[in-house]
Amino acid sequence: MDSVARPRTLYEKIFDAHVVAEREDGTVLLYIDRHLIHEVTSPQAFEGLDKKGRSVRRPELTLATSDHNVPTSERPRGVKASTYLTREDSRIQVQKLERNVKRHHIPYFGLRSKRQGIVHVIGPELGFTLPGNTIVCGDSHTSTHGAFGALAHGIGTSEVEHVLATQTLVAVKSRNMNVVVRGRLADGVTSKDLMLYIIGSIGTAGGTGTVIEFSGPVIEDLTMESRMSLCNMSIEAGARAGLIAPDEETFAYVKRREMAPRETWDMAEAYWKTLRTEAGALFDKVVEINANDVTPTITWGTSPEQVIPINGVVPAPSDFSDPVKKESCRLALAYMGLTPGMKVADIAVDKVFIGSCTNARIEDFRAAAQILRGHTVAPNVKLALAVPGSGLVKRAAEDEGIDIIFKRAGFHWREAGCSMCVGLNEDSLAPTERCASTSNRNFESRQGTAGRTHLVSPVVAAATAIKGTLAAASQITKLAEPASRSQHVDVDVDVDAAYSSDSETLSEDSSSQSSLISSSEYSGTPTKVKRVWTAVKKPVTEHGDSMDQAYPGYYGQRAGGRSSSVSGCEHPKQAVEQVAQPATNNSRFEDNINGSVAIIKRANIDTDAIFPKQFCTTTGRTGLGHALFSNLRYNPDGSPRPSFFLNRPESRNASILLATGPNFGCGSSREHAVWALQDFGFRCVIAPSFADIFYNNAFKNGLLLAQVNADVVERIVTESNVGHSVKINLEQQTLQNDQNADIGQFEIPERRKQELLSGIGEIEATLAFYAQIKLYEELRRQMSPWYEEGLHPQTNVRRRQLVTGQGNPLVDCHKKETLAW
Ligand SMILES: CC(C)[C@H](C(=O)O)[C@@H](O)C(=O)O
Ligand code: SF4
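With an unreviewed UniProt entry as reference, the chain is termed 3-isopropylmalate dehydratase, source organism Paraphaeosphaeria minitans. Per UniProt, the chain has the following entry under Catalytic activity (unreviewed entry): "(2R,3S)-3-isopropylmalate = (2S)-2-isopropylmalate". Among the UniProt annotations of the chain, the heading Pathway (unreviewed entry) holds the following wording: "Amino-acid biosynthesis; L-leucine biosynthesis; L-leucine from 3-methyl-2-oxobutanoate: step 2/4."

Enquirer: Sorry, what's going on with the overall build of the chain here?
Expert: What the chain contains, in helices and strands, is 30 helices and 30 strands. Within the chain, buried positions represent 65% of all 821 residues. For the chain, the computed accessible surface area is about 27500 Å², with 49% contributed by carbon and sulfur atoms.

Enquirer: Explain the sheet that holds strand β30 (residues 742-745) here, please?
Expert: Pairing is antiparallel across the open sheet formed by four strands, whose spatial order is β23-β28-β29-β30. Every interior strand has two partners, whereas the edge strands, β23 (593-595) and β30, have only one. In this sheet, adjacent strand axes meet at a mean angle of 15 degrees when their direction is disregarded. The strands touched by helix α24 (residues 710-721) are β28 (726-729), β29 (734-737) and β30; relative to β30, the strand with the most contacts, the crossing angle is about 150 degrees.

Enquirer: How should I be thinking about helix α3 (residues 43-52) in this particular structure?
Expert: Every buried residue of α3 is accounted for by Pro43, Gln44, Ala45, Phe46, Gly48 and Leu49. Looking at the buried residues of α3, the elements they touch are β3 (34-37), α5 (88-103), α7 (157-166) and α22 (672-680). Phi for Gly53, located one or two positions after α3, is positive at around 65 degrees.

Enquirer: Help me understand the packing of helix α23 (residues 692-700) against helix α25 (residues 750-758), please; the structure alone is not making it clear to me.
Expert: The geometry of a pair of packed helices is captured by two quantities: the angle between their axes and the separation between those axes. Orientation of α23 relative to α25, taken along the N-to-C sense of each, is 30 degrees, at an axis distance of 10 Å. Comparing their axes, α25 and α23 come out roughly parallel. Residue-level inspection shows Tyr695, Asn696 and Phe699 of α23 in contact with α25, the latter providing Arg752, Glu755 and Leu756. Split by residue class, the contact of α23 with α25 holds three nonpolar, one polar and two charged.

Enquirer: Before we go on, may I ask you to explain the packing of aromatic side chains in this structure?
Expert: Any two aromatic rings considered together are summarised by their centre-to-centre distance and by the angle between their planes. Across all of its chains, the model carries 20 aromatic pairs by this definition. Aromatic side chains Phe365 and Phe406 sit 5.8 Å apart centroid to centroid with 65 degrees between the ring planes, which places their arrangement in the edge-to-face category. Pair noted here: Phe365 is in helix α14 (residues 362-372) and Phe406 is in helix α16 (residues 402-409), with a separation of 41 residues, a long-range link. Of the residues examined, Phe406 reaches a relative accessible area of 0% and is grouped as buried.

Enquirer: When you look at the packing of helix α8 (residues 191-202) against helix α10 (residues 224-232) in this model, what are you seeing that I'm missing?
Expert: In contact at an axis separation of 8 Å, α8 and α10 are set at 25 degrees when each is read in the N-to-C sense. Comparing their axes, α10 and α8 come out roughly parallel. Helix-helix and strand crossings are classified by hand; for α8 and α10 the assignment is right-handed. Contacts between α8 and α10 pair Ser191, Leu194 and Met195 from the former with Ser226, Ser229 and Leu230 from the latter.

Enquirer: Can you help me understand the nonpolar core in this one?
Expert: The nonpolar side chains of soluble globular proteins are, as a tendency, buried together. Among the nonpolar cores identified, the biggest contains 115 residues, and Phe406, Phe411, Phe629 and Phe664 are the most heavily contacted of them. Among all residues touching Phe406, those that are not within four sequence positions of it are Ile354, Phe365, Ala368, Ala369, Leu372, Ala386, Phe411 and Trp413. Counting residues in hydrophobic clusters, the runner-up holds 58 residues, among them Ala147, Leu222, Trp265 and Val294.

Enquirer: How do you make sense of the site of ligand 1 when you look at a structure like this?
Expert: Taken together, the neighbourhood of ligand 1 is formed by Val40, Thr41, His68, Gly138, Asp139, Ser140, Arg441, Arg446, Ser668, Ser669 and Arg670. At a separation of 2.7 Å, an oxygen atom of ligand 1 approaches a polar side-chain atom of His68. A distance of 3.1 Å separates an oxygen atom of ligand 1 from a polar atom in the side chain of Arg670. Protein contacts shield 96% of the accessible area of ligand 1, which totals 320 Å² for the unbound molecule. Here the shell around ligand 1 is composed, by residue class, of one nonpolar, six polar and four charged.

Enquirer: I'm lost on the site of ligand 2 in this one. Help?
Expert: Neighbouring residues of ligand 2: His68, Ile118, His120, Asp139, His141, Ser356, Cys357, Cys418, Cys421, Val422, Asn440 and Arg446. Among the residues forming the shell around ligand 2, the class breakdown is five nonpolar, five polar and two charged.

Enquirer: So what exactly am I meant to see when it comes to the sheet that holds β3 here?
Expert: The strands making up a sheet associate through backbone hydrogen bonding, with each pair oriented either parallel or antiparallel. The five strands are arranged β5-β4-β3-β6-β7 in an open sheet whose pairing can be described as parallel. Two strands bound the open sheet, and with one partner strand each, they are β5 (108-109) and β7 (151-154).

Enquirer: What am I meant to see in the pattern of salt bridges here?
Expert: Pairs can form between side chains of opposite charge whenever their charged atoms are close. What the rule picks out here adds up to 40 salt bridges. The closest approach of N and O atoms between Arg395 and Asp399, which form a salt bridge, is 3.9 Å. Taken together, the residues Arg395 and Asp399, both in helix α15 (residues 391-400) and four residues apart, mark about one turn of the helix. Across the salt bridge formed by Asp608 and Arg446, the nearest N and O atoms sit 3.2 Å from each other. One end of the pair, Asp608, is in helix α20 (residues 607-610); the other, Arg446, is in the loop between β18 (434-437) and β19 (452-455), with 162 residues separating them in the sequence. We note that Asp608, like Arg446, is buried. Taken together, the shared-partner salt bridges connect Arg57, Arg58, Glu60, Glu777, Arg781 and Glu788 into one network.

Enquirer: Explain helix α6 (residues 119-126) here, please?
Expert: Every α-helix carries 3.6 residues per turn, so stepping three or four residues along brings you back to the same face. Buried residues dominate α6, accounting for eight of its eight residues. Along α6, the residues classified as buried are Val119, His120, Val121, Ile122, Gly123, Pro124, Glu125 and Leu126. Looking one or two residues beyond α6, the residue adopting positive phi is Gly127, at roughly 85 degrees.

Enquirer: Help me understand the side chain of Ser42, please; the structure alone is not making it clear to me.
Expert: Looking at the element boundaries, Ser42 is found in the loop between β3 and α3. Apart from residues lying up to four places away in sequence, Ser42 is in contact with Ile37 and Leu97.

Reading the values: rules and limits
- Residues numbered from 1 in each chain as written.
- Chains lettered and ligands numbered in written order.
- Predicted model: local features only at pLDDT ≥ 70, side-chain atom pairs only at ≥ 80, totals over all residues.
- Heavy atoms only, no water.
- UniProt positions renumbered as here; feature names shortened; annotations may be inferred.
- Helix = DSSP H or I, 4+ residues; strand = E, 2+ residues; numbered from the N terminus.
- Buried < 20%, exposed > 50% of the residue type's maximum accessible area, 1.4 Å probe, protein only.
- Areas by Shrake-Rupley, 256 points an atom, 1.4 Å probe, with all protein chains shown as cover.
- Pairing = 2+ DSSP bridges.
- Axes fitted to C-alpha atoms, helices over the stretch in contact; angles between N-to-C directions.
- Contact = heavy atoms within 4.5 Å.
- Parallel < 35°, antiparallel > 145°, perpendicular 65-115°, else oblique.
- Nonpolar A, V, L, I, M, F, W, Y, C, P; charged D, E, K, R; others polar.
- Phe/Tyr/Trp six-rings, centres within 6.5 Å; stacked < 30°, edge-to-face > 60°.
- Left-handed = near helix turned anticlockwise from the far one by under 90°.
- Core = buried A, V, L, I, M, F, W, Y, C linked by side-chain atoms within 4.5 Å.
- Near = heavy atom within 4 Å.
- Polar contact = N/O pair within 3.5 Å; in protein donor to acceptor, adjacent residues only side chain to side chain.
- Salt bridge = Lys/Arg side-chain N within 4 Å of Asp/Glu carboxyl O.

Written out as structure tokens, the structure reads:
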């Protein structure tokens, strides 16, 4: 087969090794090794399972934690969600998760667990994340785990349900992108600065439809934690996943982790060493970055691509030639309360936040502590908040005395959680408050309604807290000697201690690869990125679906009784008879659409804008139309803003939404955005391009996304202006006005079209592959036993007896840590 014979990229290798069933059209059933869940995106998935009377197929392959909603205030011993979470909707969401994991026997690190924390911090630190894994989570920053050479990406709630029920996902191969970083990062320039610089260079849609492999000498030199910060923000570059080939650094990090394989370690490591892009493998897109050009970098606007060096000045709309970027600049300046030409160094902040799945690991706190030591937070900074990414990070920092440095400086030192990254708990910005934040999203109202966010590295956050204005570490006099590496206590737990008792003993590890930040001068201005474009292998849509072939539909063929095969080059190939059962046809899209168009003239419309975060605490999926664009649609007093497009009379009965700018639906994976659009009455969204996860979520719910070029956008605007409605013919992929005059064509992958037209229930269809999934699991257990060594009940029993005489932390977490529900 072609995909086996030619040299392959790292992404292709991992993808191929997880194919349970493959169709000629390229759609596959992909096996999922690891599934992470949290309270926000799982309730509707469990409800879906319950409605159908389904169980969780492999509970031990899922790991749950509560992170988004949880308060970060002190947690008393024996803390209970019922009293600790004072906000009712947040409490209900966490309690639902607690009930669901208990009913389905899913390992859960809840409020009482020392291992509780942000889902993307705890997965790697526990060794749940392994190289070569496929990892998914109902959360867009699942890309973080790609730092280990795992294929990790965010999914929507419908897919969470699919994974719970089947341990697989329906997938098509994405395109391959390579970001090669050469040169050298200057002292004080972190992987966060590098990633902001990359996003500024390629744009927030630069990676759409691709999986980015980061490579080159600079990447190889990064510690695992820095690699995680980098891969974390792949989603902000538009890519669903980021990847770094595993190496000695990776193995050293993984080996010490609680759930990492032990008995099968050597086999595992030998296999992981093969996980590299082969010489001659083709990338669809290659971008070269010179690390020498990267200085401490911050965002000035409301999109992660609106970046500027810390020693720069705020841009003006006239600095951009692209009209979309010009307009985005105008809107962002108004929102951020900035004027063109203003020096970054003159921008005063009200709050500083060091936390989030991007930068709340031990190295981040060490780096910030190096700057903070001996200093105090500037008087104009109303709140400086330090929120460790996990209980283990917090504990390790406290053992090193880092908390003391933070507290002495005037920071609040908190319990683990997402906190002010998204402000779903009590930690948020008041309207117009400005924050230097180590998080990953500077969208409007992300950290609090009308709050203003500047994304920064932990080093810049610390320097800013001291100065009171956005500042580089070089502007702060360093008052203390850096701590020596041997002083550092790593976050990994001594396995014997962890298994044998409730002891919280942390093991010392002198090989810890912490990066100590020096306060030397940073300078330099980013120059243009050199782009090298290689041949595109085959025409694909932005979302990786093949556009060039008749695409009869994966399940359409399957229901017709055609056989398929188990494939994946690291696994024995074996033809397997299809278990042919008719899929339930719960048709979702019977007619073509004929309706009026509501028009929003913006680019990069993120799902935080479509469905603001404060509504994410819902556990339902219906009746959400009221939340649609609510931050833009209503004034703070609840009255409608007449100028907002949804409040105009012509939008009232619109069933079609046109976004004139590209990258609609970027950001968070919240499927709520789709549910809200549908509840409002939209049946189709038309835009020049869509973000990947949103694209998937929409089709799972029967919302048509029509991709059109700029001319068609123009024509729809003209037709709407003269009062015409638009007719959409899905079969023909055409748009007409109500006089039957052609407006143009739209793009949709054949597979998506068939999905809409047939309305086949995906989980039913996948469950018909039961035998193949089972066979795949058996083969995998034989060929790659390390993936389940720390998880498989039998191995756990053995390890329990051999090592400690106690239970597996995952199995026991219900007993030890969350029993008091
Ligand atoms: C709640 C969740 C769906 C969301 C995500 O997908 O990213 C959140 O983590 C965020 O950062 O906005
Ligand atoms: S981006 Fe923020 S809200 Fe989302 S998972 Fe990370 S820390 Fe949590």
